[in-house]
Structures are given as structure tokens and as C-alpha cells.
Amino acid sequence: YLDFPNASFKDYEYIPGQNFYQWARHFAAYVDNWRSRGHWNYRQECLSGCGSEVLLNLDGKGPKNYVAMVFSDYLGHAIHPKVIAKGVEYMQKYGMGVAASPAIGGHMDFHRELEEKTAAFFRRQAAILFTTGYTANTATIMALLKGDRAIAIVDASIHASMYEGIRGIKYVPFYHNNMESLERKLKENCGRYDTMMVIVDGVYSQPADICPLKDVVFLCKKYGAKLAMDDAHGVGVLGETGRGVIELYDAWQDVDVITGTFSKTFGHVGGYVVGDEELITYLKYQAGQHIFSVAPTPAAACLLKSIDLIDEEPQNRLKLWVNIRHLKDGLHSMGFDTGTSASAIVPVKTGNAAMNAEICKWLLYAGVYTNQIGYPAVPKKHAVIRQSVMATHDIPQMDRVLEGWAYVKKKLGTNNCK
Ligand code: PMP
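Note that the structure is predicted; figures quoted are calculated from it, not measured.

K.L.:
Even after reading the chapter, I still don't get the overall build of the protein chain, so can you show me in this structure?
P.N.:
In terms of helices and strands, the protein chain carries 14 helices and 13 strands. Against the globule reference of 22 Å for 418 residues, the protein chain gives a C-alpha radius of gyration of 22 Å, in line with a compact fold. In the protein chain, buried positions account for 45% of the 418 residues. Considering only contacts in the protein chain between residues 6 or more positions apart, those separated by 24 or more positions represent 71%.

Next up, the structure:
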């Protein structure tokens, strides 16, 4: 159906004139071709948890150990004994699931405690829980922006879940982190809608850079726009006490809805939205994905401890930053380009999706497990190798990663991937 090496997932999303079984057949051939060329990274099966090292059985000849640069457990809470103990305590007390949505019986005392703790963490009035961060974003935007009298003005690099939320309404993108572009869009649409909402990420997962929140807030106020921010990757990592981008810019009360996930820094699963009491109550009764979907399991009570640990163990954040700096310094000294990254995600720019797969393969040969990010997750020319650094890593492991990149450099025969 297509020229394999140059095709992407996106080409199989919808094939005109064919039904979904036919799409699936073409897609299976695409995946076989891809794997036959040694590109194993996608949906690779791990034989161990999300620690700093992971077991993979790539060639079927037995598990081998790799430095894991694919997990977003930034502070190590997913494998923290105190977090695990709290989850186990509640699973034993309440069982493995709550078997009802929050609206019809599934709202337990630990859910309320978690809501209150999450709101207090961000110094806001109230919080609502969702089963994933993805759902938190989609549900919130869908509940708040409706009809043809609402418009979203979105940074072009927002997460897929936010894009899903705005699917049914009018939206205009502005250039990533470009305040002139944002102001142009605000000016063009000012006064024409009941609700104009700007949507940004705190930290953008692909360039791994930070939203200039102070400027965004200023422009939103100037043009009367509401503001939603997803800080999935900033929380725990940025700000003096780990509250993320909101703390970095001292903008505690300036964002209408802060959304986030419990699946990264907090080490579990689930999503949350914090904001003013009335608005959050509105979401609790209006967001379909909250009302008609089961509430988080009792294991989510582990988050009560995980949130406390952000304050109780600031040393984890310090260690994380020591690791990030060591890795970045090493990459830069070899001539690799980490772009505008300013978070725990350290991408290496390649700008070449086909080369990405090769580089991932060489890194695996060198004992380093990374992710390749290409189209359609990012535009083709923005392809990167993505590495997530965690507090559970140590300097010898960062050095192993750097040795992997030295091997890549030898294979490429050049300083720069591009
Ligand atoms: N927002 C951003 C910026 C993310 O990177 C992710 C995870 N890829 C999500 C939301 C979704 O979070 P979750 O995994 O909890 O669904």
C-alpha cells in the first residue's frame, strides 16, 4: 500500500475506500517490515518495573539489563516503599476496585482526602479526580467549551489529550511558545465569543521546554481569555517546592484550570483538575468521563503518601537535577543538541525519523533503552530521541547512557545527528 520506510502510523489511520479489516492488514505488513529492520522500541515488553534499569528480552535469547530512559517516574515514587505500603494498606482495607462511578456510590473517603490534598498542594480551593491524565484534559475541555460561542486558542505543541478535547469546537493554534503569535490570535478573536480559552502545557513533552506562563497570563488578562494549563511534566520537577510551572512563575491563582496526571512524578495512575470550588463542582456534575466512569481504585490512596513525599524528601528533586545536568553536559560536550529542554526530559534532536530508529537500535546495543519520537507525535523535522531522567538514576548510569551516545557518534561518523 505504501513505501514502507517512509510511511508512518498516520498513513494507516484511515484508508479511503477500504474497511477497517483492510486497514489492519496493511498496517500489520507495515509493522512486520518495521520490526524486520530491527526497530523494536515501540510496545517493547519489559520484564521488570519502572526502575532506573530494566530487563528486556530483545532477541528471545534471555533477558538483558538496560539503563531505562523511558519512564516518567521522576522522583522514584512508583517504587518508593512508603508509597507502596500506603497503596497496599488501602487495597487490603477496601479491595481492588470500587465498582461504581463517583456519581453512584464509587466516591470513597480516600477519594475526598485525595481531592483535598491535591487542591491544597496547588494552593487552590478544590480538585476533581479522573482515571487518567488524558481523560482529565479531554473531559475538562469538553465540559467547559461548547457550541459555536466558544473558541480555544492553543499552543501548537499541546498534548494529544487536549487536542481531543477541542475536536468538536472552533480552535486556532499559535506558534509554540511564541507570544506575538498568541497575541495576534487573541486580538483577532477578542469579543467574538462567550468563552475564549487559551490552552497551554506547563512543560511541553516533546521539546521539553517550559511555557512562559507570566506572559501568557498577562495576555489572557489583557484580552479577557480564560486559561487552562496541563503541567503533567513540570510538577515535582520544577519550582522551589516542586509545585511545577505555577510555582516557577508565582502564578498560583492565575490559571483557571490546572490539569495534571498522577502517572509521572506521583508514581501511580490517574488525573486531576484543580481550580475554584464552584467550577470544580460543576465538572463533578457535568464532565461525562467523571460521571459515567469508575472512580480510581483503592490503590490510588498511595497518592496521599506520594504527595506528602514531595515536601518530605526534597533531596529526590536535587538528585534528579544532578542527573539531568550530568547527562546534558556530557551530551553537549559530544556535540549533541538537546534543544530548548529545561525539564527532566532530555531529548536529542535528530530531525530525521528514519535515523531515529537506527539510533535507538544502536543505543540498545550499548545497553540504553530510549524512545524515538517522530511524526505524527511531532512534525517530521522535529524528530528526537527522548530520554526521561529520574531521581532513581545515578551518575554511573548517566555515564552508561553517555557511552551509548559515544557509540552512536561513532556509527554516525559525525558530531551532530542532523
Ligand atoms: N499530558 C501530558 C503533557 C502528557 O505527557 C501525558 C502523558 N503522556 C498526559 C497528559 C496523559 O497523562 P496520563 O498518562 O495520566 O493519561
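And the narrative resumes.
K.L.:
It is not clear to me how the site of the ligand should be interpreted in this structure. Could you clarify?
P.N.:
Near the ligand you find 14 residues, and of these T132, G133, Y134, A232 and T261 are the closest. For the shell around the ligand, the element with the most residues is helix α4 (residues 133-144), which contributes three residues. Grouping the constituent residues of the shell around the ligand by class yields two nonpolar, 10 polar and two charged.

K.L.:
Looking at this structure, I do not really get the environment of R43. What am I missing?
P.N.:
Positionally, R43 belongs in the loop between α1 (20-36) and β1 (53-56). With 245 residues separating them in the primary sequence, R43 and G288 have C-alpha atoms 30 Å apart.

K.L.:
Can you walk me through the domain arrangement of the protein chain in this structure?
P.N.:
The domains assigned to the protein chain are domain 1 (33-75 + 314-412) and domain 2 (80-311). Its C-alpha centre places domain 1 at a distance of 27 Å from the equivalent point of domain 2. Taken together, the contacts link 20 residues of domain 1 with 16 residues of domain 2. Residues that form the side of domain 1 that touches domain 2 fall into these classes: 12 nonpolar, six polar and two charged.

K.L.:
I would appreciate a short explanation of the environment of A251 in the present structure.
P.N.:
Relative to the helices and strands, A251 is located in the loop between α8 (245-248) and β8 (257-261). Take A251: there are 17 C-beta atoms within 10 Å of it, and that puts it in the partly exposed class. A sequence separation of 79 residues divides A251 from V172, and the C-alpha atoms of the two residues are 25 Å apart. Setting aside its immediate chain neighbours within four residues, A251 contacts L213, K214, V217 and I246.

K.L.:
What exactly am I supposed to notice about helix α7 (residues 213-223) here?
P.N.:
Residue pairs spaced three or four apart in an α-helix point in one direction, given the helix's 3.6 residues per turn. If you check which residues of α7 are buried, you get L213, V216, L219 and C220. Taken down its axis, α7 places every buried residue within 125° of arc, on the same side. Those residues of α7 that are exposed and aimed more than 90 degrees away from the buried face are K221 and K222. The inward-facing, buried residues of α7 abut α6 (179-189), β6 (195-201), β7 (226-230) and α8.

K.L.:
Looking at this model, I keep getting lost on the sheet that holds strand β12 (residues 371-373). Mind explaining?
P.N.:
The strands that make up a sheet are held in pairs by hydrogen bonds between backbone atoms, and each pair lies either parallel or antiparallel. Sheet architecture is open: three strands sit in the order β10-β13-β12, paired in antiparallel fashion. The outermost strands of the open sheet, each flanked by one partner alone, are β10 (348-349) and β12. The pairing of β10 with strand β13 (residues 384-386) spans two bridges and is classified as antiparallel. If you follow K349 over to β13, its bridge partner there is V384.

Thresholds applied
Residues numbered from 1 in each chain as written. Predicted model: local features only at pLDDT ≥ 70, side-chain atom pairs only at ≥ 80, totals over all residues. Helix = DSSP H or I, 4+ residues; strand = E, 2+ residues; numbered from the N terminus. Rg over C-alpha atoms; globule rule 2.2 N^0.38 Å. Buried ≥ 20, exposed ≤ 12 C-beta atoms within 10 Å, placed from the backbone. Contact = placed C-beta atoms within 7 Å. Near = placed C-beta within 6 Å. Nonpolar A, V, L, I, M, F, W, Y, C, P; charged D, E, K, R; others polar. Domains from an automatic or database assignment. Arc of directions from axis to C-beta. Pairing = 2+ DSSP bridges.

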